[in-house]
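# Structural overview for review
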Amino acid sequence: MPVTVQSARLESVPVTIEAVGQAEGSKEVELRARVSGLLERKLYEEGERVKAGAPMFQIERAPFEIALQQARANLAQRVAQMEQARREAQRLKPLAEQQAISQREYDEAVSNARLSEAAVAAAQAAVREAELNLSYTSVVAPISGITGRSQKSQGALVTAGSDSLLTTITQTDPIWVRFSFSEAELARLRESRKAEVRLLGPDGKPFLTQGRLNFAGSTVDPRVGTVQLRAEFANPELAVLPGQFVRAQVVAGQVQGYKVPQSAVMQTEQGRMVWVAREGKATPVPVETGAWLGSDWVVHKGLKDGDQVIVDNLMKLRPGAPVSPQPASAAGPGGPQGASASAPAASR
C-alpha cells in the first residue's frame, strides 16, 4: 500500500500552555458627583477616548459661589473680632500689672482673644471647604481611557451619595487578561525563568504578543483546582475590549521533542499512537504527546530520530501490513509548520 511518510527529527520545541481568559481594563473607575446640584452640561462624547484631567460634566456653580462668598464674609467678620479682642487684652495688660483692674477681668480678655483666634481658624476651614465644593462642580476624568455611557442627562438633578454615578472610564492600554492554570501547569510555568505570553485569535494565530505576567495567585481554588493568573498587554489599537473572552497562551521555555502532524496521531483505548514504516511494514508505536504546535502534535516519547511516520491511509493499516513509503511534500497532510497554538486543556 502506498503511504506518505514524514521523517521524525528531534528538535527544540516551545512548551506552550493555553487557557481561556477574560480581558479587563487595567484601571476601571466610576465617575461620581461629589456635590449635589443641577447637571448643566455634558462635555464628552460617549465611548470616546479622554485624557486624565479632561472636563466631563459641569454642575451648576452659582449656589457654591454664593456659599463661598458667605464663608469669606464670615471669615472677615471673625478676623475683625479677633483683632478687637487682641487689642482689648493688650489694653488691659498694664492695668492688671498695676492692679487697677481685677485679675479675673484681664483673664477674661485673654480668653476672649484666644476664642476669637479659634473662630478665625474655623472660618478659614469653612472657606477652604466652600472652595473645594465649588471645584467639585467641574467633574474631570481622573485617568485616561475609554468613556462609558452617561448615567445622567443634561438638566438632571444629581446628588452626592449612592445615586451619584455619572459614567465610567476604563483604561484599555495596557489591557489585562485574567486566566487560570492547573497546579501541574503552574509548576511547569515556574520552572521557566522567563515566560512569554500572547493572545491567539480564532484562527490560532497570535494577534497580541509580548505580554507579561503581572500577577500569580498564592492559593489554589479548591472547587476547580486552579490558580488565578493575570497578564498585561499593550493595546493601543483597542484590539481587545474589556470583558472579551480570549485565548491566552504562555510559552514556558523549550523542550526536546518531535513534531508530528495531528492527522497522524490516533487515539486508542491504551492511549495515543502513530503508525511507523519500518522495514517496509506498518508498525503501531505508542507515543506520549504534549501540546499542539501549529498543525502538529509535539511527541515527547515513543519515537526515534529517523522514524518514518505514516500520515495518510491510516484507517487501512494493520500491524505488519506491507507499505510503500513516499516522502511527504511541503503541502502534505502535515501542512505548513511554525504557527503556534497549544492543545486544549482536555486533550493534554
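What counts as what
Residues numbered from 1 in each chain as written. Predicted model: local features only at pLDDT ≥ 70, side-chain atom pairs only at ≥ 80, totals over all residues. Heavy atoms only, no water. Helix = DSSP H or I, 4+ residues; strand = E, 2+ residues; numbered from the N terminus. Rg over C-alpha atoms; globule rule 2.2 N^0.38 Å. Buried < 20%, exposed > 50% of the residue type's maximum accessible area, 1.4 Å probe, protein only. Contact = heavy atoms within 4.5 Å. Areas by Shrake-Rupley, 256 points an atom, 1.4 Å probe, with all protein chains shown as cover. Lys, Arg positive; Asp, Glu negative; His and termini not counted. Charge placed at Lys NZ, Arg CZ, Asp CG, Glu CD. Salt bridge = Lys/Arg side-chain N within 4 Å of Asp/Glu carboxyl O. Phe/Tyr/Trp six-rings, centres within 6.5 Å; stacked < 30°, edge-to-face > 60°. pLDDT = per-residue confidence, 0-100. Pairing = 2+ DSSP bridges. Polar contact = N/O pair within 3.5 Å; in protein donor to acceptor, adjacent residues only side chain to side chain. Core = buried A, V, L, I, M, F, W, Y, C linked by side-chain atoms within 4.5 Å.

A few words on the overall build of the chain. If you tally the helices and strands in the chain, you get 3 helices and 20 strands. The C-alpha radius of gyration computed for the chain amounts to 37 Å, which surpasses the reference 20 Å derived for 348 residues by more than 25%, pointing to a less compact arrangement than a globule. Expressed along its principal axes, the backbone C-alpha trace of the chain runs to roughly 130 × 50 × 30 Å. Across the 348 residues that make up the chain, the buried fraction comes to 40%. Relative to all contacts within the chain whose residues are 6 or more apart in sequence, the contacts with residues 24 or more apart total 78%. Carbon together with sulfur atoms contributes 51% to the accessible area of the chain, which is approximately 19,600 Å² in total. For the chain, the distance from the average position of its 40 positive side-chain charges to the average position of its 37 negative side-chain charges is 4 Å.

Evaluation of the coordinates by the stated rule reveals 15 salt bridges. We note a salt bridge from Glu131 to Arg128, for which the minimum N-O separation is 3.9 Å. Here the residue Glu131 and the residue Arg128 both occupy positions in helix H2 (residues 103–135), the gap between them amounting to 3 residues, near one helical turn. Note that Arg278 is salt-bridged to Asp307, the shortest N-O span being 3.3 Å. Here Arg278 is found in strand E15 (residues 271–278), whereas its partner Asp307 is found in the loop between strand E18 (296–301) and strand E19 (308–310), with 29 residues between them in sequence. Asp307 sits in the buried class, given a relative accessible area of 7%.

A word on the packing of aromatic side chains. Inspection of every chain in the model, using the stated rule, returns 2 aromatic pairs. Centroid distance Tyr44 to Phe57: 5.5 Å. Interplanar angle 75°. Geometry classified as edge-to-face. Here the residue Tyr44 occupies a position in the loop between strand E3 (37–42) and strand E4 (49–50), and Phe57 occupies one in strand E5 (residues 55–59), the gap between them amounting to 13 residues. No difference in accessibility class separates Tyr44 from Phe57, as the two residues are buried. Here the aromatic rings of Phe179 and Phe181 are separated by 5.3 Å at their centres, their planes lie at 55°, and the arrangement is tilted.

Overall, the predicted model of the chain reaches an average pLDDT of 87, with 94% of residues at or above 70. A low-confidence stretch, residues 330–348 stays under pLDDT 50, and its non-local contacts, those more than four residues away or across chains, total 48 contacts.

Now for the sheet that holds E5. Ordered by their spatial adjacency, 4 strands build an open sheet running E6-E5-E3-E8, and the pairing between neighbours is antiparallel. Each of the sheet's edge strands pairs with one partner strand only, and the pair in question is strand E6 (138–140) and strand E8 (157–158). Sheet topology note: the E3/E5 ladder contains 3 bridges and is antiparallel. Paired with Leu39 across the two strands is Ile59, which belongs to E5.

Looking at the secondary structure, you find Glu196 in strand E10 (residues 196–200). Judged by relative accessible area, Glu196 falls into the partly exposed class, the value being 35%.

Attention now moves to the side chain of Thr147. Along the chain, the position of Thr147 falls in strand E7 (residues 145–147). A polar contact is formed between the side chain of Thr147 and the backbone oxygen of Glu45, at a distance of 3.2 Å. Within the local environment of Thr147, its side chain forms a polar contact with the backbone nitrogen of Gly47, the two atoms lying 3.0 Å apart. If sequence neighbours within four positions are ignored, Thr147 has contacts with Tyr44, Glu45, Glu46, Gly47, Glu48, Val50, Met56, Thr168 and Ile169.

With respect to the helices, strands and loops of the structure, Pro222 is situated in the loop between strand E11 (206–216) and strand E12 (226–233). Distance in space between the C-alpha atoms of Pro222 and Arg32 is 38 Å, their sequence separation being 190 residues.

The next thing to look at is the nonpolar core. One finds Met56, Phe57, Ile59, Val139, Val158, Leu166 and Ile169 to be the most contacted residues of the largest nonpolar core, which totals 26 residues. Listing elements by their share of this core, those giving two or more residues are E5, helix H1 (62–97), H2 and strand E9 (165–182). The contacts of Val139, once residues within four sequence positions are left out, are Leu31, Ala54, Pro55, Met56, Phe57, Ile59 and Leu166. Ala19, Val197, Val246 and Val250 belong to the second-largest nonpolar core, a separate cluster that totals 21 residues.

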